[in-house]
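# Structural features, examined
Now for the letters of each chain:
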Amino acid sequence: MIQQLKHIMWAGLSLWLTACGGIQYMGIETRNPGEVTFPREVRKVLMVNNAAPQPEKSGYTYRLMGVVQDTARVQADSALFDVCTSCGLAILDADYFDDVLLFHESVRDSSLLFVKDSRLTQPQVIALCEANGADAVISLDKMLFSMDREVTGLGAGFVDGTIKIHMNGILRAYLPTQEKPLATVLVKDSVEVHQAAESLEILDFYLPNANDALRLAGDYLGRQVASYFVPHWSEETRWYFSSSNSRWKEAAAYASANRWEQAAQLWSALYRSNTSEKARAELASNLALACEMQNNLPKAREWAEKARDLFRQAGGNDAKEVRLLQVYADVLKARIESDQKLNEQIEYKY
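Residues numbered from 1 in each chain as written. Predicted model: local features only at pLDDT ≥ 70, side-chain atom pairs only at ≥ 80, totals over all residues. Heavy atoms only, no water.

## Here's the deal with a nonpolar patch on the surface
A grouping of Ile202, Phe205 and Tyr206 is seen on the molecular surface, where their side chains present a nonpolar patch of about 360 Å² in accessible area. If you trace the backbone, isoleucine 202 turns up in helix H4 (residues 200-206). (Patch = residues over 30% accessible without salt bridge, like charges linked within 9 Å, V, L, I, M, F, W, Y side chains within 5 Å. Areas by Shrake-Rupley, 256 points an atom, 1.4 Å probe, with all protein chains shown as cover. Salt bridge = Lys/Arg side-chain N within 4 Å of Asp/Glu carboxyl O. Helix = DSSP H or I, 4+ residues; strand = E, 2+ residues; numbered from the N terminus.)

The following block contains the structure:
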């Protein structure tokens, strides 16, 4: 099974980055494989809703000035459709499959409880594919929402409103040739909306109502989970060390202009001529980045590990730079592994 994981590693990395001096930050985009690898023959995918909506009274709590309101109601039907729609559109935007189709009717057995996870059967998948000219089905098989809406007073008539929505669901990929699902994706995410206003009437104008908030959350979730099914781009943070030395500045100028070969040549010359362990560690880290930007990930990892070891010699095992470079080396290792899977998926595409 595939579970959504928060990038805790990168959260810690950003904290360490802010503590380091003489660093130039930059954002990069990396292409990552989808968690699910479809067979080569899958060219058209059908997105379907196989999840039952929650009852209007389920999963929604509204507190107004500390008092729980017994009128809290929310409809989940449209939100389920929004998950499927936004997921299908995001998959289509990735330009990986020839086409992504959306089945507009729910295929769920209405007699089943909304909390029950119900898989599509192979006959259902075959029928859906044949009727719609699809090669595979991506199905939302279960989705539960939990919403908390709270409005509190700030004084002088001002009010503060917060909506928190937690989502738990299951999506599966099916092939008509297989009895069991190709893959199962467990989804867990949350959305929070916050607004302050001069009065409750104005707050109600700006803060979305329960149904709209749930639909916004469903649209957001669908776009997020699309990345599990297709190769996708993600934004990450990188850095390089700088110095007032003229040759360091020249190398930094090349780096800022994306001329990584020239920057690497200068950093390499400085690395060979420098005797300071810390300076050599910073230059090794810069060379790791230069290699990564030239798509030489194994060499980038070697330089990152060398930089880590040099920082360890200069400042000990607990130095923040040691932890920083260890995280970077781990990230590069993960990129090397994911690139192998990405290459397989791109080969399937063509």
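## Some remarks on the pairing of strand E8 (residues 158-174)
Summarising burial for E8: 13 of the 17 residues are buried, a large majority. The sheet contact formed by strand E7 (residues 136-155) and E8 spans 17 bridges and is antiparallel. Bridging across to E8, methionine 147 finds its partner in isoleucine 165. The antiparallel pairing of E7 with E8 creates a hairpin that spans 2 residues between the two strands, and alanine 156 there sits at a positive phi of about 55°. Pairing analysis gives 15 bridges linking E8 to strand E9 (residues 183-197), with the strands arranged antiparallel. (Buried < 20%, exposed > 50% of the residue type's maximum accessible area, 1.4 Å probe, protein only. Pairing = 2+ DSSP bridges.)

## Let's talk about the confidence of the model for the protein
Of all residues in the protein, 90% have pLDDT values of 70 or greater, and the mean over the chain is 87. Confidence over residues 1-21 falls short of pLDDT 50; this stretch has 41 contacts with residues more than four positions distant or in other chains. (pLDDT = per-residue confidence, 0-100. Contact = heavy atoms within 4.5 Å.)

## Side note on the pairing of strand E3 (residues 44-49)
Along E3, 5 of the 6 residues are buried, which leaves the element largely enclosed by surrounding structure. Bridge analysis of E3 against strand E6 (residues 99-106) gives 5 bridges, and the strand direction is parallel. Bridged to lysine 44 within E6 is aspartate 99. Note: E3 against E7, 5 bridges, orientation parallel. Paired with valine 45 across the bridge in E7 is alanine 136.

## Notes on the packing of helix H8 (residues 277-293) against helix H9 (residues 297-315)
Running from N to C, H8 and H9 point in directions that differ by 165°, and their axes come no closer than 8 Å. Taken as axis vectors, H8 and H9 run roughly antiparallel relative to one another. Like other packed secondary-structure pairs, H8 and H9 cross with a definite hand, here left-handed. Where H8 abuts H9, its residues Glu277, Lys278, Arg280, Ala281, Glu282, Ala284, Ser285, Leu287, Ala288, Cys291 and Glu292 lie against Leu297, Lys299, Ala300, Trp303, Ala304, Ala307, Leu310, Phe311, Gln313 and Ala314. Residue classes in the contact of H8 with H9 are distributed as 13 nonpolar, 2 polar and 6 charged. (Axes fitted to C-alpha atoms, helices over the stretch in contact; angles between N-to-C directions. Parallel < 35°, antiparallel > 145°, perpendicular 65-115°, else oblique. Left-handed = near helix turned anticlockwise from the far one by under 90°. Nonpolar A, V, L, I, M, F, W, Y, C, P; charged D, E, K, R; others polar.)

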